[in-house]
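Working through the structure, step by step
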Amino acid sequence: MALMRCDFDSEALGMSTSMTVILPQPDPAEPVDADPPVLYLLHGLSDDDTAWTRQTSIERYVSALGLAVVMPQAGRSFYADEKHGNRYWTFLTDELPRVCRSFFRLSDRREDTFVAGLSMGGYGAVKWALRQPERFAAAASLSGALNVAHRRHAPDRPLDPDVWHTVWGDAPTAGPDDDTVALVGRAGPDTPPLYVACGTEDFLYDDNVRFVAAARDRGVPVTVDFSPGDHDWPYWDATIRDVLAWLPLRTRPAAG
């Protein structure tokens, strides 16, 4: 595998930004006949693009899969075009894939494209897949903030009001295109399969339960993993392995 931190200029953000990228290294004895599939892997509210590689063994987990992993930097944006900040939704969904394909050899086929994330990144992954379902073969959320309307004033751990104000201004709700419960409630038949994992001790557990209920009511295909665990890296390091095994990769190495 090749692991790199890439600093580049973003037109959408109007500034320099970063992404961490894992690329499969071709076997010199094998012909290179196709661009590799890609997983966009999104970070959480308190993280950056290096978090997955510093806190998990994601590079080792994908080494046998021939899968590229793109981990962008998105601040505390909830992967939205912020009301009082930057255009992170535009950056993520429009600019980033184009930039990545200009820098690296990556497939642009729907069947080769996946998105996943943890916490805020789980929210971002599901939102991207629900708003642009034609782009993804599958999407996964680990401990995702999948009910932002409830999370704003949640009695246990409410969302920081300064974050809400930066992202959504003074609006009482995030709006129908940023509310994943609302989005899944109007999902169409082209919605990709979803994987929703959350630890039963996680403060976001009830939010995930509500999202899954809404997805099932709509007939959205969803694989659910509600098992013991908290909102922490040991849980995410273990669960990302289950996500990788679940991804519908068109070709997988034979079991050894």
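Per chain, residues are indexed from 1 in the order of the written sequence. In keeping with the predicted nature of the model, local features appear solely for residues at pLDDT of at least 70, side-chain atom pairs appear and are counted solely at 80 or more, and the whole-chain, interface and lining totals rest on all residues. Hydrogens and waters are ignored; side-chain quantities use all the structure's heavy atoms.

The protein carries the name Alpha/beta hydrolase fold domain-containing protein in an unreviewed UniProt entry, which gives Micromonospora humidisoli as its organism.

Looking now at the overall build of the protein. When helices and strands are counted, the protein shows 9 helices and 8 strands. Only C-alpha atoms enter the radius of gyration, while the globule expectation follows 2.2 Å times N to the 0.38, with N the number of residues. Taking 2.2 N^0.38 as the reference for a compact globule, 256 residues should give roughly 18 Å; the C-alpha atoms of the protein span a radius of gyration of 17 Å, in line with that estimate. Here the term buried applies to any residue with accessible area under 20% of the maximum for its type, exposed to any over 50%, and partly exposed to those in between, with areas from a 1.4 Å probe on protein chains only. Burial analysis of the protein (256 residues in total) assigns 54% to the buried set. Of the contacts made within the protein by residues no fewer than 6 positions apart, 73% connect residues no fewer than 24 positions apart. Positive charges are assigned to Lys and Arg, negative charges to Asp and Glu, while His and the chain termini are left out of the count. Taken as the charge location is NZ of Lys, CZ of Arg, CG of Asp or CD of Glu. Looking at charge distribution, the protein has the averaged site of its 24 positive side-chain charges lying 3 Å from that of its 37 negative ones. Secondary structure elements follow DSSP: runs of H or I no shorter than four residues count as helices, runs of E no shorter than two count as strands, and numbering proceeds from the N terminus. The contact definition used throughout considers only heavy atoms, calling two residues in contact when any of these lie within 4.5 Å.

In short, DSSP must find at least two bridges between two strands for them to pair. Strand order in the open sheet made by the 8 strands is β1-β2-β4-β3-β5-β6-β7-β8, with mixed pairing throughout. Both outer strands of the open sheet, β1 (2–10) and β8 (222–227), are each paired with one neighbouring strand and no more. Averaged over all neighbouring strand pairs, the angle between strand axes comes to 15°, with direction disregarded. One ladder, built from 5 bridges, connects strand β3 (residues 38–42) with strand β5 (residues 113–118); its direction is parallel. Considered in β5, the bridge of V38 is made with T113. To get an axis, a line is fitted to the C-alpha atoms, and for a helix only the part in contact is used. The angle between two axes follows their N-to-C directions and goes from 0 to 180 degrees. Those strands touched by helix α3 (residues 88–103) are β1, β2 (15–23), β3 and β4 (68–72), and its axis lies near 120° from that of β1.

Within the largest apolar cluster, 57 residues are counted, with the highest numbers of intra-cluster contacts made by M19, V70, F78, L96, V115, W168 and F211. Each residue touching L96, except ones within four places of it in the same chain, is listed here: F8, M19, Y40, V70, P72 and F91. Among the buried residues, those of types Ala, Val, Leu, Ile, Met, Phe, Trp, Tyr and Cys that are joined through side-chain atoms within 4.5 Å form a nonpolar core. In this structure, I22, L39, L65 and A138 belong to the second largest nonpolar core, which totals 29 residues.

Attention now goes to helix α8 (residues 205–218). With 14 residues, α8 should cover 20 Å at 1.5 Å per step; its first-to-last C-alpha distance of 20 Å lies within 8% of that length. Looking only at α8, the buried set comprises D207, N208, F211, V212, A214 and A215. One side of α8 holds all its buried residues, which, seen down the axis, span an arc of 160°. Away from its buried face, by an angle of more than 90 degrees, α8 presents the exposed residues D206, R216 and D217. Looking at the packing, one finds that the buried side of α8 touches α4 (120–131), β6 (138–142), α5 (148–151), α7 (180–185), β7 (194–199) and β8. By this rule the span expected of a helix is its residue count minus one, scaled by 1.5 Å. As used here, the arc belongs to the directions running from the helix axis to the C-beta atoms.

To continue, consider the side chain of Q73. Assignment of secondary structure puts Q73 in the loop between β4 and α3. Since its relative accessible area comes to 18%, Q73 is described here as buried. Side-chain polar atoms of Q73 contact the backbone nitrogen of G75, separated by 3.0 Å. Setting aside chain neighbours within four positions, we find Q73 in contact with T17, S18, H43, D47, D48, D49, Y88 and F91. Whenever two N or O atoms come within 3.5 Å, that pair is a polar contact, provided that in protein one can donate a hydrogen and the other can accept it, and provided that, for residues adjacent in sequence, both atoms are side-chain atoms.

Moving on, we come to the packing of aromatic side chains. Aromatic pairing here means that ring centres of Phe, Tyr or Trp (its six-membered ring) are within 6.5 Å. Orientation follows from the plane angle: under 30 degrees is stacked, over 60 is edge-to-face, and everything else is tilted. One pass over the full model with this rule turns up 13 aromatic pairs. A centroid spacing of 6.2 Å and a plane angle of 85° characterise the contact between F8 and F103, whose relative ring orientation is edge-to-face. Of this pair, F8 sits in strand β1 while F103 is found in helix α3, placing the two residues 95 residues apart along the sequence. By relative accessible area, which is 6% here, F8 ends up buried.

Locating R131 in the fold gives a position in helix α4. The exposure class of R131 is partly exposed, given its relative accessible area of 29%. Apart from the residues within four sequence positions on either side, R131 is in contact with W89, D177, D178 and L183. Separated by 3.4 Å, the side chains of R131 and D178 make a polar contact.

For the rest of this paragraph, the subject is the layout of surface pockets. Its volume calculated, the second largest pocket comes out at about 320 Å³. Only protein atoms enter the calculation, which uses a 1 Å grid: trapped sets of points that fit a 1.4 Å probe without letting it out are cavities, open sets showing protein on both sides within 12 Å along at least five of seven lines are pockets, and any residue with an atom within 4 Å of a point is a lining residue. What lines the second largest pocket is a set of 19 residues, and nearest its centre among them are L45, S119, R157, F203 and H231. Side-chain classes are defined by residue name, with Ala, Val, Leu, Ile, Met, Phe, Trp, Tyr, Cys and Pro counting as nonpolar, Asp, Glu, Lys and Arg as charged, and the others, Gly among them, as polar. Grouping the amino acids of the lining of the second largest pocket by side-chain chemistry returns 11 nonpolar, 4 polar and 4 charged. Grid points are joined across faces, edges and corners, and a volume is the space filled by probe spheres set on the points.

This next bit is on the pairing of β7. For β7, the buried fraction is high: 6 of the 6 residues fall into the buried class. Side chains L194, V196 and C198 project from β7 onto one buried face, and the interleaved Y195, A197 and G199 project onto a second face that is buried too. With 4 bridges connecting them, β6 and β7 associate as parallel partners. If you follow S141 over to β7, its bridge partner there is V196.

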